[in-house]
Amino acid sequence: MPVVVVESPAKAKTINKYLGKNFTVLASYGHVRDLPPKEGSVDPDHEFEMKWEIGADSRKHVKAIADALKDDDELILATDPDREGEAISWHLQEALTKRRAIKKSTAVSRVTFNAITKQAVTEAMQQPRQVDAPLVEAYLARRALDYLVGFNLSPVLWRKLPGARSAGRVQSVCLRLIVERETEIEAFDPKEYWTVKALLETPRGQQFEARLVELSGKRLDKFDLGDKLAAEMAVQAVSSRALTAASVEAKPASRNPAAPFMTSTLQQEASRKFGFGARQTMNAAQRLYEAGLITYMRTDGIDMAPEAVAQARDAIKERYGEQYVPSSPRIYKNKAKNAQEAHECIRPTDMFAAPDKVKLTEKDQARLYDLIWKRTIAAQMAGAKLERTTVDIASDDREVMLRATGQVVVFDGFMAVYTEGRDDVEDDEDGSRLPQITKGDALPHVKGGLTAQAAEKIAVMGGDDAVMGLQHFTNPPPRYTEATLVKRMEELGIGRPSTYASVITTIQDREYVRKEQNRLYPEDKGRIVTIFLMNFFRKYVGYEFTADLEEELDRISAGDLDYKDVLNRFWRDFHTAIEETSELRITEVLDKLDEALAPQLYPPREDGKDPRECPLCGQGSLHLKTSRTGGFVGCSRYPECRYTRPIGGDAAEGGDRVLGEDEHGNEISLRSGRFGPYVQRGEATEEQPKPDRASLPKGWQADDMDLEKALTLLSLPREIGMHPEGGEIKSNFGRYGPYVMHQLPDEAKPVYANLKDPNDVFEIGMNRAVELLAEKRANPGGRGRTAAKPMKELGEHPDRGGPVNVMEGRYGPYVKWEKVNATIPKDIKPEEITMDKAVELIAEREAKGGKKKAAPKKKAAAKKPAAKKPAAKKKAATKKADS
């Protein structure tokens, strides 16, 4: 019985069903070997020799495959049909050969299939080949490059920039995109402009809006009406004149469907329509692929197999009618630069399996399958036919001309199934339908028709509120979403379908970037790292350099380049840059970064004073500083003056401010510290080096702080009253949040009971406090309690087994699997968590080191006690580099 190896148990289960009892199908559980995270795993001095190591979790899977080969003398490697899949097959063959599980007589072959269907798997088994050496070499080059950058550049960051976590060949370029976009936004100077519109009425009593496009014979450009005065004059010109329809023009138009999905466009559309992150999309797609519902989901290809096109056309005819099937099939050309990425598009394996017929219990998978099916079907449907109407409206003297546009769908075509989403959409003037208008029609103003609209905006009115001038300002470029970032990376040629999600996840895990309301914001730590790399390693975070390197990797996979030549060229220059930067002192680095960031950190002040002058003490000079939490701006007179502000803070508004004085005349100030905003009483002195301070509780905003709130915080702990059994009860904020505290006369230490709401610190009464403390004393530390019941049971982990549950925790709801507890983000309701989202959260938590090691099993006691050995010194842990 041949042994067939795939990546995941879910995929193994599906394939085993198709192959039957004559095959043994096993899972490798992903990559089985990797470069150990230590010095020397890639040796540039010995032709880039790479030292591989089988992961602890992979040893049992490799052993299971080796054991199966004892009875069978044929190995079929059926991992995914891309560069990573080829690498896994190569690693398996190498590892099994070293174990002598593969003998001279063992037949080893490689098969690939783009979809996990019976037909695709059966056909693949009839077309075996050997592992593709150029594809493996491209993988080796990519892995070596990522290691060399990570393990040589990251230590430079650790030494020169305390708090920096890592750098990577692709991740640092991706981070640069986000930081540069934020810099653009901060430097953006909004420009004012006005538009004028009127509400008009047809002879048949139907109302519509038209916008002013021409004034005094001049076509209006965007900024021609640049202020309120110009807008008022234009409004007066329109409202004081009678208007008629000067021309009515209706033109046919058409819209064609978007191409089928490839990896990047699937991630973009799932983000637009569902708010999915890149990893969430790929997790759901992986499950659909392994279940045999869609084709392979990591691809640059947009073409469809001829049989899939024919089936799609049949499905369209059956479901929507013959008029929705175009006369000839739609052909989409691949954008892939080489054969290894040029798989088919992402499509359903069965075009007749409409979403309403596929019973998917997982919400993420159901939504993504619905999206993929609709996009694929729409891609082979007839185009939509539209009629676009333009009406020009003029005064008799031709002093003013307005225009109204609209469109109507004559035949919906593919739009009956699907329309593509858009990023950062502005108002679409063509979206509405115009009433019937004939050339020469008198079009009077509708008095009072725009009053309601004007109430919500800054406007000037005329013609009894029938004409309105609206104020606008140009907008800065929008912050990236994960989807638009993937789109930009794709445009620049940075990364590949298999790396988009992991790169974006890494920069968030490293706390270089945070995601808020689906937008990506750089943290101060990320800004500092980017500016450092731009000043000392500019070439290696260059968009063109990174794209060229990706192209060289593609040429290696096509067999056109020797991968060791590519590594040699890269290492020669990169190693020199590392050596030169290593000799710099931290102060030299900070001076260079401070100079580079000066325009953003110290913009000119309105009062003409030196922008570097400390706004708190007036004597010190502001300078860039670093800490383990990132960079910040601080006063040179520290510790006498403790003024600080974040790098991204407003120079005029973002620093400390005095809120007032307490009853003893001590100054109460609000300050921005390295760990967030806090309030302080007075200044540090020799007699009192640590003045009273209190951090702002969760949910409190620095902008809302006043003297009363600050004094309330500084008065903590709050004395609630005397406990019936003696001793005072107090409330306060601690390391783990708000609490009440009390100590009985016979207790060795106080008892602390947590409070859920921060406001309870100031509001909780005696009865409730006594009750909480009693509950805590009756059940200290939760010992003796029955196991908590899950809020929601999601079932078994799809890849690794074991129940996955949603739990209510001390600090909020979380996902629990074995010993991994993953916090659920605040913007997600616990009851809406799906298995795919739970698996994603678990993976992110494990990546951050959240998985606890199982306790070692107890050994039987030895007959004779062994002599006690001195404790061995622990080796310094080495941090793993990031690609």
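Residues numbered from 1 in each chain as written. Predicted model: local features only at pLDDT ≥ 70, side-chain atom pairs only at ≥ 80, totals over all residues. Heavy atoms only, no water.

Turning our attention to the pattern of salt bridges. Two side chains that carry opposite charge are able to pair once their charged atoms sit near each other. The tally for this structure, following the rule as stated, stands at 45 salt bridges. With a closest N to O distance of 3.1 Å, aspartate 554 and arginine 83 form a salt bridge. Here the residue aspartate 554 occupies a position in helix α16 (residues 543-557), and arginine 83 occupies one in helix α3 (residues 83-98), the gap between them amounting to 471 residues. Where glutamate 516 meets arginine 514, a salt bridge forms, and the shortest distance between an N and an O atom there is 2.6 Å. Since its relative accessible area comes to 36%, glutamate 516 is described here as partly exposed. Classification of arginine 514 by relative accessible area gives partly exposed; the value is 30%. By sharing partners, the salt bridges in this structure join Arg142, Asp146, Arg169 and Glu550 into a single network. (Salt bridge = Lys/Arg side-chain N within 4 Å of Asp/Glu carboxyl O. Helix = DSSP H or I, 4+ residues; strand = E, 2+ residues; numbered from the N terminus. Buried < 20%, exposed > 50% of the residue type's maximum accessible area, 1.4 Å probe, protein only.)

Here we take up the sheet that holds strand β29 (residues 751-754). Read from one edge to the other, the open sheet built from four strands follows the order β26-β27-β28-β29, with strand pairing classed as antiparallel. Both outer strands of the open sheet, β26 (718-722) and β29, are each paired with one neighbouring strand and no more. Direction aside, neighbouring strands of the sheet carry axes that sit 25° apart on average. Relative to β29, helix α21 (residues 766-778) is tilted by about 110°, and along the sheet it contacts β26, β27 (728-734), β28 (737-742) and β29. (Pairing = 2+ DSSP bridges. Axes fitted to C-alpha atoms, helices over the stretch in contact; angles between N-to-C directions. Contact = heavy atoms within 4.5 Å.)

Strand order in this open sheet of four strands is β2-β1-β7-β8, and the pairing throughout is parallel. The sheet terminates laterally at β2 (24-27) and β8 (107-110), the two strands that pair on one side only. Strand-to-strand, the axes of this sheet are offset by a mean angle of 20°, without reference to chain direction. In this sheet, strand β7 (residues 74-77) lies alongside strand β1 (residues 3-6) in parallel orientation, the contact comprising three bridges. Across the sheet, the residue bridging to valine 5 is leucine 77, located in β7. Its contacts with the sheet put helix α2 (residues 59-71) on β1, β2 and β7, and the angle it makes with β2 is roughly 165°.

Right, let's get into the pairing of strand β33 (residues 820-823). Only one face of β33 is buried, namely the one carrying Val820 and Ala822, since none of Asn821 and Thr823 on the opposite face is buried. Direction of pairing for strand β32 (residues 812-817) relative to β33: antiparallel, over a ladder of four bridges. The residue of β33 that forms the bridge with lysine 816 is asparagine 821. As consecutive antiparallel partners, β32 and β33 are separated by two residues, and within that stretch glutamate 818 has a phi angle of approximately 50°, a positive value.

What follows concerns empty space enclosed by the protein. Considering all chains together, one arrives at three cavities of 30 Å³ or more under this definition. Approximately 80 Å³ is the volume attributed to the largest cavity. Lining the largest cavity are Val149, Leu153, Gly168, Arg169, Ser172, Leu533, Phe537, Tyr540, Val541, Phe545 and Phe570. Among the residues forming the lining of the largest cavity, the class breakdown is eight nonpolar, two polar and one charged. (1 Å grid on protein atoms, 1.4 Å probe; cavity = no way out; pocket = protein on both sides within 12 Å on 5 of 7 lines; lining within 4 Å. Points joined across faces, edges and corners; volume = space filled by probe spheres on them. Nonpolar A, V, L, I, M, F, W, Y, C, P; charged D, E, K, R; others polar.)

Take the nonpolar core next. Within the largest apolar cluster, 98 residues are counted, with the highest numbers of intra-cluster contacts made by Leu75, Phe532 and Phe537. For this core, the element with the most residues is helix α5 (residues 133-160), which contributes 14 residues. Sequence-distant contacts of phenylalanine 537, defined by excluding residues within four places in its chain, comprise Leu153, Phe532, Phe574, Ala577, Ile578 and Thr581. Grouped together as the second largest cluster of nonpolar side chains are 58 residues, Ile76, Val111, Phe113 and Ile346 included. (Core = buried A, V, L, I, M, F, W, Y, C linked by side-chain atoms within 4.5 Å.)

Geometrically, the link from leucine 716 to proline 717 is a cis peptide bond, its omega value of 5° lying close to zero. Position of proline 717 relative to the elements: it lies in the loop between α19 (707-714) and β26. Phi is positive for serine 216, close to 55°, though the residue is something other than glycine. Serine 216 sits in the partly exposed class, given a relative accessible area of 48%. The phi dihedral of glutamate 511 falls on the positive side, at around 65°, and the residue is not glycine. Tracing the sequence through the fold places glutamate 511 in the loop between α14 (500-509) and β17 (513-516). On the basis of relative accessible area, glutamate 511 is assigned to the partly exposed category, the value being 46%.

In short, shape yes, function no, at least from these values alone.
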